[in-house]
Amino acid sequence: MRNPSSGPWWANAVFYQVYPRSFCDSGGDGVGDLDGVTSRLDYLKSLGVEAIWLNPVMVSPMRDHGYDVADPRDIDLLFGDLAALDRLVTAAHARDIKVTMDLVPNHTSSAHPWFQAALAAPPGSPERGRYIFRDGAGPDGSRPPNNWLSIFGGPAWTRVTDPDGTPGQWYLHLFDASQPDLNWENPEVLADLEVTLRFWLDRGVDGFRIDVAHGMAKPPGLPDMPVTKPELLLAEMDDDPRFNNDGVHDIHRAIRRVLDDYPNAVAIGEVWVYDNEQFARYLRPDELHLGFNFRLVRAEFDALDVRAAIENAVAAVELVDAVPTWTLANHDVERPPTRYGGGLTGLARARAMALVMLALPGPVFIYNGEELGLPNVDDLPDEALQDPVWERSGHTRRGRDGCRIPIPWSGDEPPFGFSTNPHTWLPMPPAWTDLTVERQSADPSSTLALYRRAIEISCRRAEFSGSTVEWLDSPTDALVFRRGGLVCVLNAGAAPIPLPEGEVLLTSDPVADGALPPDTAAWLA
Ligand code: TEU
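Residues numbered from 1 in each chain as written. Predicted model: local features only at pLDDT ≥ 70, side-chain atom pairs only at ≥ 80, totals over all residues. Heavy atoms only, no water.

Going by what an unreviewed UniProt entry lists, the protein chain is known as Alpha-amylase and is assigned to Mycolicibacterium phlei DSM 43239 = CCUG 21000. Its UniProt record gives the protein chain a comment under Sequence similarities (unreviewed entry), which states: "Belongs to the glycosyl hydrolase 13 family." (UniProt positions renumbered as here; feature names shortened; annotations may be inferred.)

Spelled out as structure tokens, the structure:
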């Protein structure tokens, strides 16, 4: 355990994000599944993982790979069934690994029975009142109710055909048209979410990652937006008026009241909010336990940028006496080695940033494949692309498939032990031969070996107990901080720098003559 002292289990845990489609396929259909995850738990245990975050596995037409939920209280056949989830939870708990699930409260799938009932019902009906239906603008209602664009591209409104065959109202979808936004002003919506929360918690699930946790409450009156640029990815927008509206906090308080009946459960919000005071509001004592802070994901490989990301993440949670979280990657963003420049340099930087992240106080979230140093796959052929972003953006944005390629486990050619089926849901690069778990397990200089060693040291050594970050003097283009008895140095510059005094516990790449090379980090006791 990285957190041997008292306090909740999640306060310093190593979380591992499993993207179930891409982790391990036990059924031979080329898509990963729950029994596949169960079959690889010993791998996660040997890595030092203490908790899993599973991306959505509920019943879904998979237009957005599970973020379009048609039945929030059942497992999609693609991934298995409820018994398979129970098997995973039992097997994980037997290894002291917690299991958290993804929860999608902002929207449902258009295949959800509620939305189907809304389509069949007239304007103003209780069925339509669970979603955000509006009359169109213009004399014949043929224009969308406002100027909002979908995060994935195209308009955020789609017009429905009424049961009598005539053009009808429009419904709001901030994401794909198959993901209608729920109307959180309708108390039925919260009541149903409470049933869902208890359904999974009663099965032994240890908590939830809450999707778009800053998104459920919409601005009153749904006014036009000042900006209408097509690139509306939340990762890049700080001030989208459709998110982070005050009403969202009542929803989090209601979720927390349910979770408080399960004292060990955790709620982790996806909160793309960068103002520290605004971010902190989600972590008040009666709201979320943890919030993803995406500043490290957005930071360049630059000492000042990384330091500012860490300082702000810490400063934000200090406002409410909460715990910071750290993440370099997830299923929505470019993989770190590519983000940091690609090639061997990008990989070295990603390894160095892994040591920075694992030195910090608070839980870390490792995205499957990050521990293998997988790069983004940016040369997928057009016909292989699956992310709805590709179609909705009119083929101008290729989307997120490149960070979602299946995990290479073993062997010399695709599908690298991920599946028995050569037709994996996204093609795997033949060049990944050297990146498999099998190869890297046998190589002490591999990225996998680095992650294993780093996690192991951070569990074992007493130096990792501190909960504050203290900045020390550092050469230009480098950063040096102390956490408890540990000193972490990152050289983001172009020239080697002298290592500070101390026992070297680990370096992200070899050092020579007491100097830390560029694109390298070190831990010292
Ligand atoms: O992501 C929220 C979101 O808006 C992301 O699409 C983000 O803007 C973008 O990917 C950054 O590059 C969550 C899920 O993580 C994502 O996978 C879902 O597609 C989305 O919600 C809709 O449920």
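Visitor: Give me the lowdown on the overall build of the protein chain, citing residues and values where you can.
Guide: Of regular secondary structure, the protein chain possesses 15 helices and 20 strands. Taken along its principal axes, the extent of the C-alpha atoms in the protein chain is 80 × 50 × 45 Å. Counting every position in the protein chain, which comprises 525 residues, the buried fraction comes to 59%. Within the protein chain, counting contacts between residues at least 6 apart in sequence, those at least 24 apart form 66% of the total. Accessible area for the protein chain stands at about 19600 Å²; split by element, carbon and sulfur atoms hold 52% of it. Considering the protein chain, the positive charge centre built from 44 side chains and the negative charge centre built from 76 side chains are found 2 Å apart. (Helix = DSSP H or I, 4+ residues; strand = E, 2+ residues; numbered from the N terminus. Buried < 20%, exposed > 50% of the residue type's maximum accessible area, 1.4 Å probe, protein only. Contact = heavy atoms within 4.5 Å. Areas by Shrake-Rupley, 256 points an atom, 1.4 Å probe, with all protein chains shown as cover. Lys, Arg positive; Asp, Glu negative; His and termini not counted. Charge placed at Lys NZ, Arg CZ, Asp CG, Glu CD.)

Visitor: Explain the domain arrangement of the protein chain to me, and be specific about the residues and the numbers.
Guide: Many structure descriptions define interface size as the accessible area lost when the parts assemble. With domains assigned, the protein chain is organised as domain 1 (14-107 + 187-450), domain 2 (113-172) and domain 3 (469-524). On a C-alpha basis, the centroid separation for the pair domain 1 and domain 3 is 29 Å. Taken together, the contact pairs 21 residues of domain 1 with 20 residues of domain 3. In total, about 1700 Å² of surface goes out of reach between domain 1 and domain 3, with carbon and sulfur atoms giving 74% of it. Counting the surface domain 1 buries against domain 3, the share from its top three residues, Ala303, Leu355 and Ala359, is 30%. Counting across the interface, domain 1 meets domain 3 through two salt bridges. Ionic pairing is found between aspartate 509 and arginine 351, a salt bridge with its closest N-O pair at 3.7 Å. (Domains from an automatic or database assignment. Buried area = accessible area lost by both parts, 1.4 Å probe. Salt bridge = Lys/Arg side-chain N within 4 Å of Asp/Glu carboxyl O.)

Visitor: Can you break down the side chain of histidine 112 residue by residue, with the values?
Guide: With respect to the helices and strands, the residue histidine 112 is situated in the loop between strand S5 (98-103) and helix H5 (113-120). On the accessibility criterion, histidine 112 (8% relative accessible area) is buried.

Visitor: So, the nonpolar core: which residues are in play, and what are the values?
Guide: If you look at the biggest cluster of nonpolar residues, it comprises 150 residues, and the most contacted ones within it are Leu54, Ile310, Phe481 and Trp523. Looking at which element gives the most residues to this core, the answer is helix H12 (residues 343-359), with nine residues. Residues Ile132, Phe152, Ala156 and Trp170 belong to the second largest nonpolar core, which totals 15 residues. (Core = buried A, V, L, I, M, F, W, Y, C linked by side-chain atoms within 4.5 Å.)

Visitor: Any details on unusual backbone geometry? Residues and values, ideally.
Guide: Of note, the bond from proline 414 into proline 415 is cis; its omega dihedral lies within 30 degrees of zero at 5°. Despite not being glycine, valine 212 shows a phi value in the positive range, around 40°. Although it is not a glycine, asparagine 244 adopts a positive phi angle of roughly 55°. Tracing the chain through its elements places asparagine 244 in the loop between strand S9 (207-210) and helix H7 (248-259). On the basis of relative accessible area, asparagine 244 is assigned to the partly exposed category, the value being 21%.

Visitor: Would you mind going over the sheet that holds strand S20 (residues 520-524) in detail, with residue names and values included?
Guide: Across the sheet, which stays open at both edges, the five strands sit in the order S14-S15-S16-S20-S18 with antiparallel pairing between neighbours. Taken across any chain shown, the strands that pair with only one partner, and hence form the sheet edges, are strand S14 (470-472) and strand S18 (504-507). Pairwise comparison of adjacent strand axes, ignoring direction, gives a mean angle of 25° for this sheet. On the sheet, helix H15 (residues 447-460) packs against S18 and S20 and is oriented at approximately 150° with respect to S18. (Pairing = 2+ DSSP bridges. Axes fitted to C-alpha atoms, helices over the stretch in contact; angles between N-to-C directions.)

Visitor: If you had to explain the packing of H12 against H15 to someone new, which residues and values would you point to?
Guide: Contact geometry for H12 and H15: axes closest at 10 Å, N-to-C directions at 10°. Here H15 runs roughly parallel to H12, going by the angle between their axes. Once H12 is placed against H15, the crossing between them reads as right-handed. Only Thr447, Leu450, Tyr451, Ala454, Ile455 and Ser458 of H15 make contact with H12, whose side of the interface consists of Leu347, Arg351, Ala354, Leu355 and Leu358. Along the lines of polarity and charge, the residues of the contact of H12 with H15 split into eight nonpolar, two polar and one charged. (Parallel < 35°, antiparallel > 145°, perpendicular 65-115°, else oblique. Left-handed = near helix turned anticlockwise from the far one by under 90°. Nonpolar A, V, L, I, M, F, W, Y, C, P; charged D, E, K, R; others polar.)

Visitor: Provide a residue-level description of the environment of proline 324, including the pertinent values.
Guide: Relative to the elements of secondary structure, proline 324 occurs in the loop between helix H10 (303-318) and strand S12 (326-327). Along the sequence, proline 324 and aspartate 443 sit 119 residues apart, while their C-alpha atoms lie 33 Å from each other. Look past the residues within four positions of proline 324 in its chain and what remains in contact with it is Ala313, Val317, Pro361, Gly362 and Pro363.

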